[in-house]
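# Structural overview for review
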Amino acid sequence: MSTLTNRREFFKISAVGAIGLTVLGPLGCAPKVVDRKTFGVGIQLYTVRDAMAADVAGTLKKLSDLGYKNLELASYADGKFYGFAPKEFKKMVNDLGMDIISSHAGVESKGITMDSAKMMADAHAELAVKYCVQPWVNDEDRTIEKFKQMVGDWNQVGKIMKETGIQFGYHNHNFEFKNMDGIVPYYDIYMKELDPNYVTMELDLFWANKAGQDPVEMFKKYPGRFQLLHFKDMHTKQEPFFDVIKDDVCEVGAGVIDFKTIWKSKDIAGAKYLFVEDDNQGNGKTFETLETSISNITTKILV
C-alpha cells in the first residue's frame, strides 16, 4: 500500500514538473517574448488604404499591435496627411510606439512648380520624415520623352527636399524595365540621369522580379543606390512581363522570392529600411496577411 502511494505521488510530481517545463521553458525559465518592433519592420500604408479611410486611429493601433515599427505613408494632399496636420498625425503615430520614415507623394507629369515643391517639402519636414518617394507614372506618360522630362523634375524636387533634410526617392513597378526601341528606361534613363545625391531608389522586389530582374545583381551594378526596399512576395515565377497585374501578390515569405538572400546584400544596396506592401490589401484578409508577413520576416528572413 505504501509502495503504491509513493508511486502515485511520484507520478503526480513528475506530471507537474513536465507541465512546468512546458510553460516555463528550459531550466524553469519563462519563455522569451520577442518584441517585433525591435526588428524595425515597416509597412507601406497603401496596403491598408481602405482601413485607413474608414478609421485612421484604429488602423494604426492594429498595425502597432502586430509589431510594425516604421510607416511609409500613402496620402498627402495640400499639406496634410490622411486629413491631419503633420504634427497631429505624427503624435498619433509616435504615441503608438511607431515612427514615420517615408511618404509616397508624387510629382505630376505636367511638372511641379517650385512653390508647390517647397510646400510639399515643408509639410514633410514638419512630419520629420526621412524620405519622400515618387510612387507612380501614369500610363499615358510612359514614353521616352516623358521619362526624361520627369527625371529632370525629380532631380529639382530632390534638391529642394535635401535642403529640408529629406531624401527624395523613386519607387518602381515593372513597366520601367520594358525595352522601348533599344532603351530600358530604368537603366538607360533613371539610373543614368537621376542624381544619386538627390534621388535614391526604392526597389519593389515583387515588380523587379516580375520584370525578370535580379535584385542582388542590381545592387552590385549600382551599389549604394537603393536605400529603401519593398517586401512583397509572389506565388509564381514566370516569364518577364511589363503590365501592372497584381493578382499574384502574397504574404512575405509565403511565395518564391528569396528575401533572405536579398537582405544579406543590403549593405551593398545601401538599404536602410524595408516596408511590407500588398497592393491587393490581402484580398479581404488585410490584417491576417500582415500578421503572416511580419511573422515570417522576424522569424525566418531577418534572423
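Remember, it's a predicted structure, so these values are computed and weren't measured experimentally.

### Focus: the overall build of the protein chain
Of regular secondary structure, the protein chain possesses 12 helices and 12 strands. Buried positions account for 49% of the 303 residues belonging to the protein chain.

### With respect to helix H12 (residues 286-301)
Helix length check: H12 (16 residues) gives 21 Å between terminal C-alpha atoms against 22 Å at 1.5 Å per residue, within 8%. Every buried residue of H12 is accounted for by Thr286, Phe287, Thr289, Leu290, Ser293, Ile294, Asn296, Ile297, Thr298 and Ile301. Those residues of H12 that are buried lie in contact with strand S1 (42-44), helix H2 (49-54), helix H3 (56-66), strand S9 (228-231), helix H10 (259-264) and strand S12 (273-276).

### Thoughts on empty space enclosed by the protein
Counted according to the given criterion, the structure contains one cavity of 30 Å³ or more. The space that makes up the largest cavity amounts to roughly 40 Å³. Considering the residues around the largest cavity, the lining is formed by Cys250, Glu251, Val252, Val276, Glu277, Asp278, Thr289, Leu290 and Ser293. When residues of the lining of the largest cavity are assigned to their parent elements, the largest contribution, three residues, is made by H12. Considered class by class, the residues forming the lining of the largest cavity number four nonpolar, two polar and three charged.

### Side note on the confidence of the model for the protein chain
Any residue range with low pLDDT should be treated as having predicted coordinates unsuitable for detailed reading. Residues of the protein chain with pLDDT of at least 70 account for 89%, and the chain-wide mean is 91. Across residues 1-25, confidence stays below pLDDT 50; counting only partners more than four residues off in sequence or on other chains, it has seven contacts.

### What to know about the environment of phenylalanine 231
Tracing the sequence through the fold places phenylalanine 231 in strand S9. For phenylalanine 231 and phenylalanine 275, which are 44 residues apart along the polypeptide, the C-alpha to C-alpha distance reads 5.8 Å. Each residue touching phenylalanine 231, except ones within four places of it in the same chain, is listed here: Leu205, Val252, Phe259, Trp263, Leu274, Phe275, Val276, Glu277, Ile297 and Ile301.

### Some words on the packing of aromatic side chains
The final tally for this structure, using the stated rule, is 18 aromatic pairs. Arranged with centres 4.9 Å apart and planes meeting at 35°, the rings of tryptophan 154 and tyrosine 170 form a pair that is tilted. Taken as a pair, tryptophan 154 in helix H6 (residues 144-163) and tyrosine 170 in strand S7 (residues 167-171) lie far apart in primary sequence, 16 residues in all. Of the two residues, tryptophan 154 and tyrosine 170, both sit in the buried class. Ring geometry for tryptophan 154 and tyrosine 190: centres 5.7 Å apart, planes at 90°, overall edge-to-face. Placement of tryptophan 154 in helix H6 and of tyrosine 190 in helix H7 (residues 185-193) is noted, with a sequence separation of 36 residues between them. Accessibility assignment for this pair places tryptophan 154 and tyrosine 190 in one class, buried. Sitting over the face of the ring of tryptophan 136, arginine 142 holds its NZ or CZ atom 4.8 Å from the ring centroid. One cation-aromatic arrangement involves lysine 221 over tyrosine 187; the distance from NZ or CZ to the ring centre is 5.2 Å.

The rules behind each value
Residues numbered from 1 in each chain as written. Predicted model: local features only at pLDDT ≥ 70, side-chain atom pairs only at ≥ 80, totals over all residues. Heavy atoms only, no water. Helix = DSSP H or I, 4+ residues; strand = E, 2+ residues; numbered from the N terminus. Buried < 20%, exposed > 50% of the residue type's maximum accessible area, 1.4 Å probe, protein only. Expected span 1.5 Å × (residues − 1). Contact = heavy atoms within 4.5 Å. 1 Å grid on protein atoms, 1.4 Å probe; cavity = no way out; pocket = protein on both sides within 12 Å on 5 of 7 lines; lining within 4 Å. Points joined across faces, edges and corners; volume = space filled by probe spheres on them. Nonpolar A, V, L, I, M, F, W, Y, C, P; charged D, E, K, R; others polar. pLDDT = per-residue confidence, 0-100. Phe/Tyr/Trp six-rings, centres within 6.5 Å; stacked < 30°, edge-to-face > 60°. Lys NZ or Arg CZ within 6 Å of the ring centre and 35° of its normal.

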